[in-house]
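Chain and residue survey
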Amino acid sequence: MRGEGFVIAVIEDEEIIRKSVTMNLELEGFEVVTAADGEEGIQLVNERKPDLIIMDVMMPRKDGLQTCRELRTAGISTPLILLTARSSEVDKVLGLDLGADDYLAKPFGMLELLARVKALLRRVQRVTSVDEIRFSDVVVDFKAYRAVKNEQPIDLSAREYRLLRYLVVKQGNVVTRDELLDEVWGYNSYPTTRTVDNHIARLRQKIEANVDEPQHILTVHGVGYKFVA
């Protein structure tokens, strides 16, 4: 996969890393725009509307986690990779729950970063063919990150939007837990399929009329899940 036609925003306060990442992305054909902190990054994303964001967690003025939260709250669903020097699993999980699509711990190899970028772009391209779904008394706008049930807002996390969107794209087909982990979380995000089950349970509580007898997100025992509108 070559990068022609894709714009990537690199939001990183360390100039050496920012320039190195930029150079390697440009060698792959990507157009790169940069910012040195979270506040500049939000402005950059709003102005340039990149196809993917690479962002450091530890930055001055506004850190990566806060920036990620603000972008997702504003309805910006651009795929995002967090760069973190932190070793705590809690910080990584928090970033993913706030809406990041993947993370990479510093120090990292450029080949691995490029592989993550290309894999994420391919994954996002596969699941962005549906912008809105209506079923029963639920309406979900995946582009704007808005959902309502009985005309009342539903509070879905960024991960829940992605999970539901993938199930909707595969509507009528059984999707395995491993496939959901790979396509929605990414291969480096969570180690167990139990994560999928927990998110499905929370999603059902928000969109199903009766969680004990779900009508839309169905369990196929021993295999995975299936969405039926």
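Above: the structure in question.
It should be emphasised that the depicted structure is a prediction, and the values quoted were computed from it without experimental measurement.

The rules behind each value
- Sequence order as written defines residue numbering, which begins from 1 separately in each chain.
- Whole-chain, interface and lining totals are the exception, using all residues; otherwise, since this is a predicted model, local features are given only for residues with pLDDT of at least 70 and side-chain atom pairs are given and counted only at 80 or more.
- With hydrogens and water excluded, all non-hydrogen atoms of the structure serve as input to the side-chain values.
- Pairing of aromatic side chains here covers Phe, Tyr and the six-membered ring of Trp, requires ring centres within 6.5 Å, and sorts the geometry by plane angle: under 30 degrees stacked, over 60 edge-to-face, intermediate tilted.
- Segments assigned H or I by DSSP are reported as helices when at least four residues long, segments assigned E as strands when at least two residues long, and all are numbered from the N terminus.
- Burial classification: accessible surface area is computed with a 1.4 Å probe over protein chains only, and a residue below 20% of its type maximum counts as buried, one above 50% as exposed, and the rest as partly exposed.
- Whenever a nitrogen or oxygen atom comes within 3.5 Å of another N or O atom, the pair is scored as a polar contact, on the condition that within protein one atom can donate a hydrogen and the other can accept it, and that pairs from neighbouring residues in sequence are kept only if both atoms are in side chains.
- This arc describes the spread of directions from the helix axis toward the C-beta atoms.
- Only strands that DSSP links by at least two bridges are regarded as paired with each other.
- With a 1 Å grid laid over protein atoms only, a set of points is called a cavity when a 1.4 Å probe fits there but cannot get out and a pocket when it is open yet has protein on both sides within 12 Å along at least five of seven lines; lining residues have an atom within 4 Å of a point.
- Grid points are joined across faces, edges and corners, and a volume is the space filled by probe spheres set on the points.

Describing the packing of aromatic side chains
Applying the stated rule across the entire model yields three aromatic pairs. Centroid distance phenylalanine 6 to phenylalanine 30: 6.3 Å. Interplanar angle 50 degrees. Geometry classified as tilted. In this pair, phenylalanine 6 is assigned in the segment before strand 1 (7-11) and phenylalanine 30 in the loop between helix 1 (15-27) and strand 2 (31-35), connecting sequence segments 24 residues apart. Accessibility expressed as a relative area gives 3% for phenylalanine 30, which makes it buried.

Details of the side chain of threonine 22
Tracing the backbone shows threonine 22 in helix 1. A relative accessible area of 14% means that threonine 22 is categorised as buried. In terms of polar contacts, threonine 22 uses its side chain to reach the backbone carbonyl oxygen of arginine 18, at 2.7 Å.

Examining helix 3 (residues 64-73)
Those residues of helix 3 not exposed but buried are Gly64, Leu65, Thr67, Cys68, Leu71 and Arg72. One side of helix 3 carries all its buried residues, which in axial view fall inside an arc of 160 degrees. The distance from a side-chain oxygen at the start of helix 3 to the backbone nitrogen of leucine 65 is 3.1 Å, and the residue carrying that oxygen is aspartate 63. Just past helix 3, the residue glycine 75 takes up positive phi, approximately 85 degrees.

Examining the pairing of strand 11 (residues 217-220)
Strand direction decides the pairing type here: strand 11 and strand 12 (residues 224-227), joined by four bridges, are antiparallel. Paired with isoleucine 217 across the two strands is phenylalanine 227, which belongs to strand 12. A loop of three residues connects strand 11 with strand 12, the two strands running antiparallel in sequence, and glycine 222 in this loop sits at a positive phi of about 80 degrees.

Looking at the environment of glutamate 183
Within the fold, glutamate 183 resides in helix 7 (residues 177-185). Put simply, glutamate 183 and arginine 48 are 135 residues apart on the chain and 26 Å apart in space, counted from C-alpha to C-alpha.

Some remarks on the layout of surface pockets
Rolled over the atoms, a probe as big as a water molecule pinpoints where empty space is left. Approximately 230 Å³ is the volume found for the second largest pocket. Arg69, Arg72, Thr73, Asp97, Leu98, Tyr145, Asp155, Leu156, Ser157, Ala158 and Tyr161 are the residues that line the second largest pocket. Those elements giving two or more residues to the lining of the second largest pocket turn out to be helix 3 and helix 6 (158-169). No other element matches the three residues that helix 3 contributes to the lining of the second largest pocket.

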